[in-house]
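# Structure assessment
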Amino acid sequence: MSVVIPDCTSCKHIFKENDSTTFYCSAFPNGIPKDYFWGNVDVRKIFECANGIKFEED
């Protein structure tokens, strides 16, 4: 069994509400899409995620 740590969790634009299991960020204020969060989209290699925001290591 392998453990996957999403790149989104190390981005400076991420935030999480304390009472929620949904992750949010500046690019996706309504919730990070699963394809982005779980690595189906390589956020380190694309020009931007959305809304002019791109991955930046925290």
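I will try to describe carefully the structure that is included in this document. (Residues numbered from 1 in each chain as written. Predicted model: local features only at pLDDT ≥ 70, side-chain atom pairs only at ≥ 80, totals over all residues. Heavy atoms only, no water.)

### Re the environment of A27
Rules: Where helices and strands are cited, they refer to DSSP runs of H or I of at least four residues and of E of at least two residues respectively, numbered from the N terminus. Note on exposure labels: buried denotes an accessible area under 20% of the residue type's maximum, exposed denotes more than 50%, and partly exposed covers the range between, all computed with a 1.4 Å probe on protein chains only. The contact criterion used is simple: two residues touch if any of their non-hydrogen atoms lie within 4.5 Å.
Along the polypeptide, A27 turns up in the loop between β2 (23–25) and α1 (34–37). Overall, the relative accessible area of 2% leaves A27 in the buried class. For the pair formed by A27 and S10, sequence separation is 17 residues and the distance between their alpha carbons is 14 Å. Apart from residues lying up to four places away in sequence, A27 is in contact with C49, A50, N51 and I53.

### Quick notes on empty space enclosed by the protein
Our working rule: Note on definitions: the grid is 1 Å and covers protein atoms alone; a cavity is a set of points where a 1.4 Å probe fits but cannot get out; a pocket is an open set with protein on both sides within 12 Å along at least five of seven lines; lining residues have an atom within 4 Å of a point. Grid points are joined across faces, edges and corners, and a volume is the space filled by probe spheres set on the points. Amino acids outside the nonpolar list (Ala, Val, Leu, Ile, Met, Phe, Trp, Tyr, Cys, Pro) and the charged list (Asp, Glu, Lys, Arg) are all regarded as polar, and Gly is one of them.
Inspection of every chain in the model, using the stated rule, returns one cavity of 30 Å³ or more. In this structure, the largest cavity spans a volume of roughly 80 Å³. The residue makeup of the lining of the largest cavity, split by class, is eleven nonpolar, one polar and one charged.

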